[in-house]
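A look at the structure
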Amino acid sequence: MTKLALIGADVLGASIVLALRKARPGRFDVTAAAADPDSLKLLTKMGAADRSVDGARRAVEDAEVVVLDTPLIHTRDLLEALGPVLDRGVVVTDTGPVKAPVIRWAREFLPRGVHFVAGRPVPLVDLGGLEDASADALAGAEYCVVTEAGSDRDAVSTVVSLAEVCGAHPFFLDAGEHDTYSAAMGALPTVIAASLMETASSSNSWAEMSRLASGHFREMTRLSDRDPEESHAASMINPDDLVHWIDQVIAGLYRYRNQIAEGGDELFGSFINAWEQRARWQARAVHPDDVRTEGRQGSGEAMAEMMFGTLLVDRYRKMTGRSRKQWEYFRKG
């Protein structure tokens, strides 16, 4: 039986444990620790922990795998506190949205023989609080496995196996790749939604305009109703990469602005391209060769291939092979 410590009580960590227990009944003994007693009670009630204890240091006693499911602001202190009490051979992983600083802290505070492999499941559907955790929440999801030159092969295999047992697809990245992609796919949409909401509501005619707000406006601004504290924290996790992507959006909007002002067919072509790219993404037909130089890998994939071999990495890179008709635009009429 594998002894697993879950530090923190959030939806991703709970979903990982529930998936492991569904797929491998009786194979995992789970001890949980978290700051919120009510969350710990809910973890135990839903079957995501066998027991809860006071303090992370107690939770990791005799643990073989440790899953950190906590906000970034607590991760550094946790790694510093846990380093002296973790047994040699323990595999530590996490679930957070940024990796470079966490890997630095792991190098600083975890002793030799304790292996840190950064991880991050990316569910296909929005998950709210702990009550949304389920054994199937990660089925079909991408599960980022963030490798580096010093990663222990067996420890990486442990995290890969964890992802696969959850029904997710391991996706090899290095920390820089992960963090810039995460900024674009995670924090950027919230900033865009907030900007649109502020832009519209700052008009002197907002009282009248608001009565014409369509479902499209509601959907586009939905993320602006997130807790402002959460939105601020998410934006400041990785500000340099987020600023880069905001600049890209500004440039894209200015291109659309010029195309609208000038008229002609370029605007129609831009809308076709956006339509097709979204359809490709929804059909899971986005292939690395579409956007990279022929044969070029991301550095995380290259590291994984060096450690595991080409066949294993190719297996994780395969697309679903859905019909091209699902993403290629044909003009009506």
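Up top is the structure these notes are about.
Bear in mind that the values here come from a model prediction, so they are computed numbers and not experimental data. (Residues numbered from 1 in each chain as written. Predicted model: local features only at pLDDT ≥ 70, side-chain atom pairs only at ≥ 80, totals over all residues. Heavy atoms only, no water.)

1. Some words on the overall build of the protein
The test is simple: Helix and strand assignments come from DSSP, with helices taken as H or I runs of at least 4 residues and strands as E runs of at least 2, each series counted from the N terminus. Only protein chains enter the accessibility calculation, which uses a 1.4 Å probe. A residue is then buried if its area is under 20% of the maximum for its type, exposed if over 50%, and partly exposed in between. Note that accessible areas follow from Shrake-Rupley with a 1.4 Å probe, and for residues the cover is restricted to the protein chains shown.
Each helix and strand counted, the protein has 15 helices and nine strands in total. Relative to its 333 residues, the protein shows a buried fraction of 39%. Approximately 19000 Å² of the protein is accessible, and the part contributed by carbon and sulfur atoms is 53%.

2. With respect to the sheet that holds strand 1 (residues 2-7)
For clarity, the threshold we go by: Strands were regarded as paired on the criterion that DSSP finds at least two bridges between them.
Here we have six strands laid out as an open sheet, ordered 3-2-1-4-5-6, and parallel in their pairing. Edge strands, defined here as strands with exactly one partner in the open sheet, are strand 3 (51-52) and strand 6 (115-116). Two strands pair when backbone bridges link them, and strand 1 and strand 4 (residues 65-68) are joined in this way by four bridges, in the parallel orientation. Bridged to Leu4 within strand 4 is Val65.

3. A word on the pattern of salt bridges
Selection rule: When a carboxyl oxygen of Asp or Glu lies within 4 Å of a side-chain nitrogen of Lys or Arg, that pair is called a salt bridge.
Counted under the stated rule, the structure contains nine salt bridges. Here Glu219 and Arg222 are joined by a salt bridge, their closest N and O atoms 3.8 Å apart. Taken together, the salt bridges that share partners define one network made up of Asp126, Glu219 and Arg222.

4. Describing the pairing of strand 2 (residues 28-33)
As a reminder of what qualifies: Handedness of a crossover: with both strands directed away from the viewer, a clockwise path from the first strand across the helix to the second marks it as right-handed.
Counting buried residues along strand 2, six of its six residues qualify, which places the element largely inside the surrounding structure. Note: strand 1 against strand 2, six bridges, orientation parallel. Looking across to strand 2, one finds that Leu4 is bridged to Val30. With two bridges connecting them, strand 2 and strand 3 associate as parallel partners. If you follow Thr31 over to strand 3, its bridge partner there is Arg51. Taking the sense of rotation as the criterion, the β-α-β connection linking strand 2, helix 2 (residues 37-46) and strand 3 turns out right-handed.

5. Details of the nonpolar core
How we decide: Buried residues of nine kinds, namely Ala, Val, Leu, Ile, Met, Phe, Trp, Tyr and Cys, make up a nonpolar core once their side-chain atoms join them within 4.5 Å. It only takes one pair of heavy atoms within 4.5 Å for two residues to be counted as in contact.
By size, the foremost hydrophobic cluster in this structure holds 36 residues, and its most contacted members are Leu4, Leu6, Leu43, Tyr143 and Val145. For this core, the secondary structure elements donating two or more residues are strand 1, helix 1 (11-23), strand 2, helix 2, strand 4, strand 8 (142-146) and helix 6 (153-165). It is helix 1 that contributes the most residues to this core, eight residues altogether. For Leu43, the residues in contact, after removing those within four places along its chain, are Leu6, Gly8, Ala9, Ala14, Ala32, Ala48, Ala49 and Leu130.

6. What to know about the sheet that holds strand 7 (residues 118-122)
Spelled out, the test is: Lines are fitted to the C-alpha atoms to define the axes, a helix being fitted only along its stretch in contact, and any angle between axes, read from their N-to-C directions, falls within 0 to 180 degrees.
Read from one edge of the open sheet, three strands run 7-8-9, paired in mixed fashion. Across the chains shown, the open sheet's two edge strands, defined by having one partner strand only, are strand 7 and strand 9 (169-173). Going across the sheet, the axis of each strand differs from the next one's by a mean of 25 degrees, ignoring polarity. In the packing of helix 6 onto the sheet, the strands contacted are strand 8 and strand 9, and the crossing angle to strand 8 comes to about 175 degrees.

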